[in-house]
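# Fold and geometry: a report
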Amino acid sequence: LGVIVPATTAASGGGSSIMSITGGALMVIYSAIALRYRVRDHLHTLDQIIVGYGFGLFNAIVWLKFAVNNNDGADGPVVSMVQKYLISSETNQFPLVGLLVPILVGILVVGSFERRIGVWLKERNGGGGEDKMK
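Since the model is a prediction, treat every value here as computed from it, not as a measurement.

### Observations concerning the overall build of the protein
- Each helix and strand in the protein was counted, giving 6 helices and 0 strands.
- Ordering the α and β elements of the protein from the N terminus gives α-α-α-α-α-α.
- Burial statistics for the protein: of 134 residues in total, 7% are counted as buried.
- A fraction of 21% describes how many contacts in the protein between residues 6 or more apart in sequence connect residues 24 or more apart.

### Quick notes on a nonpolar patch on the surface
- Residues L96, V97, L99, L100, I103, L104 and I107 make up a contiguous nonpolar surface patch of about 700 Å² in total accessible area.
- With respect to the secondary-structure elements, I107 resides in helix α5 (residues 97–124).

### Brief notes about the pattern of salt bridges
- Scanning the entire structure with this criterion turns up 1 salt bridge.
- In this structure, R40 engages D41 in a salt bridge whose closest nitrogen and oxygen atoms are separated by 3.1 Å.
- Residue classification places D41 among the partly exposed residues on the basis of a relative accessible area of 34%.

### Comments concerning the environment of L121
- Tracing the chain through its elements places L121 in helix α5.
- Residue classification places L121 among the partly exposed positions, given a relative accessible area of 28%.

### Description of the environment of H44
- Note that H44 resides in the loop between α2 (15–40) and α3 (46–68).
- Accessibility expressed as a relative area gives 28% for H44, which makes it partly exposed.
- The residues contacting H44, other than those within four sequence positions of it, are R38, V39 and I49.
- A distance of 3.5 Å separates polar atoms of two side chains, one belonging to H44 and the other to Q48.

Conventions and cut-offs
Residues numbered from 1 in each chain as written. Predicted model: local features only at pLDDT ≥ 70, side-chain atom pairs only at ≥ 80, totals over all residues. Heavy atoms only, no water. Helix = DSSP H or I, 4+ residues; strand = E, 2+ residues; numbered from the N terminus. Buried < 20%, exposed > 50% of the residue type's maximum accessible area, 1.4 Å probe, protein only. Contact = heavy atoms within 4.5 Å. Patch = residues over 30% accessible without salt bridge, like charges linked within 9 Å, V, L, I, M, F, W, Y side chains within 5 Å. Areas by Shrake-Rupley, 256 points an atom, 1.4 Å probe, with all protein chains shown as cover. Salt bridge = Lys/Arg side-chain N within 4 Å of Asp/Glu carboxyl O. Polar contact = N/O pair within 3.5 Å; in protein donor to acceptor, adjacent residues only side chain to side chain.

Set out below in structure tokens:
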């Protein structure tokens, strides 16, 4: 899907820029709400958010420049490989099953990582809020 959408929207005319702006605006709003929640509930400090933003921005630029799109306007190596090996020649779509692996890995990694941090914070803080009141 992500590989096919840019090609079809670019050919469709002016609607693609409105969709891009709307999608981008929704992502910014979601990110701002999620980040505010994480700072408010003491899951991250503002400094951690800023460093994560910097790393994420750098990663996105490198990914777009080298993996997705070459400087000459041709598809990058990742897009070429996905189109060659993963996009169905009959339907011209990415198979839904192909999304299950990254989704499951993401759920396992993020959930496990956050649980470990939660346990570590409880141990570091002496077991929780009740102990602090004494």
